[in-house]
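Fold and geometry: a report
The residues making up each chain are set out below.
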Amino acid sequence: MTPESWLEAHAYLRPLAELSAEVERAAAEIAIPEARLPDWDDYRDDFLAGVTLLQSTAAAIDLDPGGRMAAALIERLALAPSSGWLAAEARALHAELQPDPHAARRIVDLLLGDQSAAPPFAGLMRYLGWTVMARFIGPIVVAFNSWRDEEKWHRRYCPTCGSLPAMAQLVAEEHGRLRLLCCGCCGTRWRYGRTMCPFCQADTQRLSAVTVEGESGLRIDYCEACRGYLKTYVGEGSESVLLADWTSLHLDLVAAQRGLKREAASLYDLDPAFAGALSLIERSDLTAATPQADRPST
Ligand SMILES: [Zn+2]
Ligand SMILES: [Zn+2]
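Here goes a summary of the coordinates provided. (Residues numbered from 1 in each chain as written. Chains lettered and ligands numbered in written order. Predicted model: local features only at pLDDT ≥ 70, side-chain atom pairs only at ≥ 80, totals over all residues. Heavy atoms only, no water.)

Focus: the overall build of the chain
Looking only at helices and strands, one finds eleven helices and seven strands in the chain. Taken over C-alpha atoms, the radius of gyration comes to 19 Å for the chain, in line with the 19 Å a tight globule of 298 residues would show. Over its C-alpha atoms, taken along the principal directions, the chain stretches across nearly 55 × 50 × 35 Å. In the chain, which comprises 298 residues, the share counted as buried stands at 49%. The long-range share in the chain, meaning contacts at least 24 apart out of those at least 6 apart in sequence, stands at 66%. Surface accessibility of the chain: about 13300 Å² in total, with carbon and sulfur atoms responsible for 51%. Counting 29 positive and 40 negative side-chain charges, the chain places the centres of these two groups 3 Å from one another. (Helix = DSSP H or I, 4+ residues; strand = E, 2+ residues; numbered from the N terminus. Rg over C-alpha atoms; globule rule 2.2 N^0.38 Å. Buried < 20%, exposed > 50% of the residue type's maximum accessible area, 1.4 Å probe, protein only. Contact = heavy atoms within 4.5 Å. Areas by Shrake-Rupley, 256 points an atom, 1.4 Å probe, with all protein chains shown as cover. Lys, Arg positive; Asp, Glu negative; His and termini not counted. Charge placed at Lys NZ, Arg CZ, Asp CG, Glu CD.)

Right, here's the structure in full:
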């Protein structure tokens, strides 16, 4: 599965693909400072108590370089000779942040969930901020993945940044399949109970699933108790395309039409790009995304 073949089959996603590509191009121009790895022994007690890595004062990870990368990305987009909404919103954000000597810190606080200093266009700021922050902390996430004892986490929020999952993935293991929850912000994937709802934490023994023909192993798993759902990739090998969240926004529409609730964390509730993309999907022929049946998930 390549991004291009996916877009050929889902032409209504092209506006989002172009937005994503424009942001990725600008982000690629920004140098990535080296991130210092924490002392894992210092962090161990916090980890066992459920404190996420980035929120742990014992791990003491300095995120300000990532915040400065985000400010640089906003500036780059603000100065681009574009008349589109992205440049317009980036200009407004840049005008707000530029006079603030603590702008980098403010961005970091917003990314970690503090809404108190949220500027206008905070949705765009979270999206742009996580795009570069994920690059900055990439080596830390890799090291954390190999240090972390998955059996000692099993929590519904991301062990790295604390976000609720954006999606899930079922992967094969020796005795069946295990479920990973996928963070849409920092990119961490972590293990969670197969039948447990990460939103209301009910264990219904089985989640229900809506399968969608022609969607390359994507399906919608949902909880009967709270009607929260997670888009789930039942496969391996196309993670970069199929776990990107925006590449399956049409499934969010299918879920909404069935009265299911998006409780998953999203970086893509950006107006007007998101609204524009959804209206394109609504107008398009959704036969490719016609649910086949509800059935217990396997
Ligand atoms: Zn995360
Ligand atoms: Zn639930």
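So much for the structure itself; the text now carries on.
Section: the coordination of the zinc ion (ligand 1)
Those protein atoms acting as donors to the zinc ion (ligand 1) are Cys158 (SG), Cys161 (SG), Cys183 (SG) and Cys186 (SG), and they sit at 2.3 to 2.4 Å. Considering all four donor atoms around the zinc ion (ligand 1), the spread of angles at the metal, 99 to 120 degrees, places the coordination shape in the tetrahedral class. Site description for the zinc ion (ligand 1): donor spacing in sequence, C-x2-C-x21-C-x2-C. Judged on exposure class, the residue Cys183 and its partner Cys186 are both buried. (Donors = N, O, S within 2.8 Å, 3.2 Å for Na, K, Ca; no water. Tetrahedral: all angles 85-135°; square planar, octahedral: opposite > 155°, others 65-115°.)

So, helix H5 (residues 85–97)
Taking 1.5 Å of rise per residue, 13 residues should cover 18 Å, and H5 covers 18 Å from first to last C-alpha, within 8% of that figure. Buried within H5 are the following residues: Leu86, Ala87, Glu89, Ala90, Leu93, His94 and Leu97. An end-on view of H5 places all buried positions within 165 degrees of arc, on one side of the element. As for H5, its buried residues are in contact with helix H2 (14–28), helix H4 (64–79), helix H6 (103–111) and helix H7 (122–136). (Expected span 1.5 Å × (residues − 1). Arc of directions from axis to C-beta.)

Quick look at the coordination of the zinc ion (ligand 2)
Coordination of the zinc ion (ligand 2) by the protein is provided by Cys197 (SG), Cys200 (SG), Cys223 (SG) and Cys226 (SG), with metal-donor distances spanning 2.3 to 2.4 Å. Around the zinc ion (ligand 2), the four donor atoms are arranged such that angles at the metal cover 107 to 113 degrees; this shape is classified as tetrahedral. Considered as a linear motif, the donors of the zinc ion (ligand 2) on their single chain read C-x2-C-x22-C-x2-C. You can see Cys197 sitting in the loop between strand S3 (189–192) and strand S4 (208–212) and its partner Cys226 sitting in the loop between strand S5 (218–222) and strand S6 (229–233), a full 29 residues away along the chain. According to the relative accessible area criterion, Cys197 is buried, its value standing at 1%.

Describing the packing of H6 against H7
Close contact between H6 and H7 brings their axes to 10 Å; oriented N to C, the two are set at 95 degrees. In terms of axis orientation, H6 runs roughly perpendicular to H7. Residues Arg106, Ile107, Val108, Leu110 and Leu111 of H6 lie in contact with H7, whose contacting residues are Ala122, Met125, Arg126, Gly129, Trp130 and Met133. (Axes fitted to C-alpha atoms, helices over the stretch in contact; angles between N-to-C directions. Parallel < 35°, antiparallel > 145°, perpendicular 65-115°, else oblique.)

Remarks on the pairing of S3
Where burial is concerned, the two faces of S3 differ: the one with Trp190 and Tyr192 is buried and the one with Arg189 and Arg191 is not. Connecting the antiparallel pair strand S2 (residues 176–182) and S3 is a turn made up of six residues, with Gly187 showing a positive phi of about 90 degrees. (Pairing = 2+ DSSP bridges.)

Section: the side chain of Arg219
Residue placement: Arg219 occurs in strand S5. Side chain to side chain, Arg219 and Asp221 meet in a polar contact 2.7 Å long. (Polar contact = N/O pair within 3.5 Å; in protein donor to acceptor, adjacent residues only side chain to side chain.)

Describing the environment of Ala87
By secondary structure assignment, the location of Ala87 is in helix H5. Considering only alpha carbons, one finds Ala87 and Glu75, twelve residues apart in sequence, at a separation of 9.7 Å. Every residue in contact with Ala87, bar those within four places of it in the chain, is listed here: Leu77, Ala78 and Ser82.

What to know about the side chain of Ser163
You can see Ser163 is positioned in the loop between helix H8 (138–147) and strand S1 (167–173). Note on Ser163: relative accessible area 12%, which makes it buried. Contact partners of Ser163, with chain neighbours within four places excluded, come to Tyr157, Cys158, Cys183, Cys185 and Trp190.

Notes on the packing of H2 against H7
Packing of H2 against H7 leaves a shortest axis separation of 11 Å and a crossing angle of 50 degrees. In terms of orientation, H2 lies oblique with respect to H7. Regarding H2 and H7, the two cross each other, and that crossing is right-handed. Facing H2, whose interface residues are Leu19, Ser20, Val23, Glu24, Ala27 and Ala28, H7 presents Tyr127, Leu128, Thr131, Val132 and Arg135. Within the contact of H2 with H7, the residues separate by chemical class into seven nonpolar, two polar and two charged. (Left-handed = near helix turned anticlockwise from the far one by under 90°. Nonpolar A, V, L, I, M, F, W, Y, C, P; charged D, E, K, R; others polar.)

Things to note about the nonpolar core
Core analysis: the biggest nonpolar cluster contains 92 residues, and Leu73, Tyr127, Trp130 and Ile137 have the highest contact counts within it. With nine residues, the single largest contributor to this core is H7. (Core = buried A, V, L, I, M, F, W, Y, C linked by side-chain atoms within 4.5 Å.)

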